[in-house]
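So you can see what is in the structure, the chains are spelled out below.
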Amino acid sequence: QVQLVESGGGLVQAGGSLRLSCAASGRTFSNYAMGWFRQAPGKEREFVAAINWSGGSTYYRDSVQGRFTMSRDNAKNTVCLQMNSLKPEDTAVYYCAARTGAIPDRISVVDYWGQGTQVTVSS
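Owing to the predicted nature of the structure, the values given are computational and were not obtained by experimental measurement.

The rules behind these values
- Residues numbered from 1 in each chain as written.
- Predicted model: local features only at pLDDT ≥ 70, side-chain atom pairs only at ≥ 80, totals over all residues.
- Heavy atoms only, no water.
- Disulfide = S-S within 2.5 Å.
- Pairing = 2+ DSSP bridges.
- Helix = DSSP H or I, 4+ residues; strand = E, 2+ residues; numbered from the N terminus.
- Axes fitted to C-alpha atoms, helices over the stretch in contact; angles between N-to-C directions.

**Considerations on the state of the cysteines**
Note on terminology: a disulfide is the covalent bond linking the sulfur atoms of two cysteines.
Here's step 1: Using the criterion set out here, one finds 1 disulfide in the structure.
Here's step 2: There is no disulfide at C80, and the cysteine sulfur nearest it, in C22, is 9.0 Å away.

**Side note on the sheet that holds strand β8 (residues 78–83)**
Here's step 1: With respect to topology, 4 strands assemble into an open sheet ordered β1-β3-β8-β7, the strand pairing being antiparallel. Pairing within the sheet leaves two strands with one partner each, and these edge strands are β1 (2–7) and β7 (68–73). Ignoring which end each strand starts from, the neighbouring axes of this sheet average 15 degrees apart.
Here's step 2: As judged from the 6 bridges shared by β7 and β8, these two strands associate in the antiparallel manner. Directly across from F68, in β8, lies its bridge partner M83.

Put into structure tokens, the structure is as follows:
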């Protein structure tokens, strides 16, 4: 079992930045590829970014490429999502996700979820 706890959400103006963190506990953290998903009101949860077990490979949805950066620190059992140049359409609840082995790039393959953190971008 892996427990994931997100933090760092909040309210920011368009063009601003936020840094989300996800702290993991339980099993060996480096056994898991990690990801971020988001869900806006009335919409389905969608993939945002993922990182492999070592941090050597990252993946992003097209709409956040170049604005968001995902990283991990296996010594501290944490992953982060640095979000720059935020837009109102980035408003959503952001969820941390873990998957054994391969990256969690879709909902159906995620093994563990965090509880989510709200990000609101005002125009």
